[in-house]
Amino acid sequence: MTDQMQDQKALASQWFRELRDQIVSAFEALEDTQVTGPTAALDAGRFDVKQTKRASDDGTDAGGGLMSVMRGGRVFEKVGVNISTVYGTLGKQAQQAMAARGVAGIEGDPRFWASGISLVAHMQNPHAPAVHMNTRMFWTPNAWWFGGGADLNPCIEYDKDTAHFHAQLQSACEPHDISYYDKFKAWADEYFFVPHRGRARGVGGIFFDDLNTGDWAKDFAFTKDVGLAFLPAFLPVTEARRNTPWTEDDKDKQLIHRGLYAEYNLVYDRGTKFGLTTGHDADAVLMSLPPLAKWV
């Protein structure tokens, strides 16, 4: 590995930590704002933070990260903001999964390094949408690439909220490549579709993976801007909906929608599969699951 790539990996890992800190601070500040309705009497939520470790086959250091989870807040019913930097050897299953989707550069040397941030928020108010965001860098001795994106998952849809969320993501994409937003929006529509239900899990966003234009700095700058777009995309929507009056019927819709979200993450999500098959902390990998869900 070249010194340049070593420095680039350190820059990426440091950035994911910085982004994590920004989001955690913003979410705790949101918990301190005035809330009306059934959760107004609760204490403002705060994140519980713990170190996570990736389990290696031979017991050697394989990296880890920070799992930050807030439960039972006034705005957030459950939200996790995880970062990790892990490394080791790709198992056969992981190699086969990457080969199946056409990833080049993993042949002959199964060593890997991966760093990223992953966020999922499930809200108290059914009118406030759940949300997912992640960005990551992946390295093997023969290749590197970036991936990530964000998508909004309301159980009660508002066109205004969807338009705002997408506009922020579009603004992050277009300075880097005018084709990125349309391309990655279409990819998200395909990726976040739930085949066994015949519907999308939400109102979409953007999704990209295996991004390597040959210019590491360019791809890293784009990945950073996707991360920076998250708070401007999500916070105004949450601020607008956190105090909307809701009924038990609204809550029922939310719990049923969470069942759809859980089904998708357990059956189809690449990050969930990769984390579990490569030995990362199972609680951190499954942080995305809602605290309560319902099936009809």
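Residues numbered from 1 in each chain as written. Predicted model: local features only at pLDDT ≥ 70, side-chain atom pairs only at ≥ 80, totals over all residues. Heavy atoms only, no water.

Quick notes on the packing of aromatic side chains
Here is step 1: If you walk through the whole model with that rule in mind, you get 23 aromatic pairs.
Here is step 2: Considering the side-chain rings of Phe146 and Trp216, the 5.8 Å spacing of their centres and the 55° angle between planes classify their relative orientation as tilted. One end of the pair, Phe146, is in strand 6 (residues 143-153); the other, Trp216, is in helix 5 (residues 216-241), and 70 residues separate them in sequence.
Here is step 3: Aromatic side chains Tyr180 and Phe184 sit 4.8 Å apart centroid to centroid with 40° between the ring planes, which places their arrangement in the tilted category. Note that Tyr180 and Phe184 are positioned in helix 4 (residues 180-191) at a spacing of four residues, about one turn of the helix.
Here is step 4: A relative accessible area of 1% places Phe184 in the buried class.
Here is step 5: Taken together, the ring pairs in this structure connect Tyr180, Phe184, Trp187, Tyr191, Phe192, Phe207, Phe208, Phe222, Tyr264 and Tyr268 into an aromatic cluster.
Here is step 6: A cation over an aromatic ring shows up here: Lys224 above the ring of Trp15, its NZ or CZ 5.4 Å from the ring centre. (Phe/Tyr/Trp six-rings, centres within 6.5 Å; stacked < 30°, edge-to-face > 60°. Helix = DSSP H or I, 4+ residues; strand = E, 2+ residues; numbered from the N terminus. Buried < 20%, exposed > 50% of the residue type's maximum accessible area, 1.4 Å probe, protein only. Lys NZ or Arg CZ within 6 Å of the ring centre and 35° of its normal.)

Focus on unusual backbone geometry
Here is step 1: One non-glycine residue, Asp210, adopts positive backbone phi at about 55°.
Here is step 2: Structurally, the position occupied by Asp210 is in strand 9 (residues 204-211).

A few points about the sheet that holds strand 6
Here is step 1: Here we have seven strands laid out as an open sheet, ordered 1-2-3-4-5-6-9, and antiparallel in their pairing. Across the chains shown, the open sheet's two edge strands, defined by having one partner strand only, are strand 1 (48-53) and strand 9. Taking the axes of each pair of neighbouring strands and ignoring which way they run, one obtains an average angle of 10° across the sheet.
Here is step 2: Pairing geometry for strand 5 (residues 130-140) and strand 6, over eleven bridges, is antiparallel. Looking at strand 6, one finds that Ala130 is bridged to Asn153. (Pairing = 2+ DSSP bridges. Axes fitted to C-alpha atoms, helices over the stretch in contact; angles between N-to-C directions.)

A short note on the nonpolar core
Here is step 1: Core analysis: the largest hydrophobic core is formed by 54 residues, its most contacted members being Ile23, Phe27, Phe76, Met137 and Phe230.
Here is step 2: Contact partners of Phe27, with chain neighbours within four places excluded, come to Phe47, Met70, Phe76, Val79, Leu119, Phe230, Leu231, Phe234 and Leu235. (Core = buried A, V, L, I, M, F, W, Y, C linked by side-chain atoms within 4.5 Å. Contact = heavy atoms within 4.5 Å.)

A short note on helix 5
Here is step 1: Along its 26 residues, helix 5 runs 39 Å from first to last C-alpha, staying within 8% of the 38 Å computed at 1.5 Å per residue.
Here is step 2: Between the side-chain oxygen of the N-cap and the backbone nitrogen of Ala217 there are 3.3 Å, and the N-cap of helix 5 in question is Asp215. (Expected span 1.5 Å × (residues − 1). Polar contact = N/O pair within 3.5 Å; in protein donor to acceptor, adjacent residues only side chain to side chain.)

Some thoughts on the pattern of salt bridges
Here is step 1: Inspection of every chain in the model, using the stated rule, returns 14 salt bridges.
Here is step 2: In this structure, Lys253 and Asp249 form a salt bridge, with 3.7 Å as the shortest nitrogen-oxygen distance. Highlighted residues: Lys253 and Asp249, both in helix 6 (residues 248-267), separated by four residues, approximately one helical turn.
Here is step 3: Given a relative accessible area of 42%, Lys253 falls into the partly exposed group.
Here is step 4: Within this structure, Arg17, Arg20 and Asp21 form a network of salt bridges that share partners. (Salt bridge = Lys/Arg side-chain N within 4 Å of Asp/Glu carboxyl O.)

What about the side chain of Lys251?
Here is step 1: Tracing the sequence through the fold places Lys251 in helix 6.
Here is step 2: One polar contact links the side chain of Lys251 to the main-chain carbonyl oxygen of Gln124, over a distance of 2.8 Å.
Here is step 3: In this structure, Lys251 is in contact with Glu77, Met123, Gln124, Pro126 and Trp246, ignoring residues within four places of it in sequence.

Description of the pairing of strand 3 (residues 76-89)
Here is step 1: Counting buried positions along strand 3 yields ten of 14 residues, so the element is predominantly enclosed.
Here is step 2: Of the pairings in the sheet, the one linking strand 2 (residues 63-71) to strand 3 comprises nine bridges and is antiparallel in character. From the neighbouring strand, Met70 faces strand 3, where its bridge partner is Val79.
Here is step 3: Hairpin connection between strand 2 and strand 3: a loop of four residues separates the two successive antiparallel strands, and Gly72 in this loop has a positive phi of roughly 65°.
Here is step 4: Taken together, the 13 bridges between strand 3 and strand 4 (residues 111-123) define a ladder with antiparallel strand orientation. For Thr85, the partnering residue across the bridge sits in strand 4 and is Ser115.

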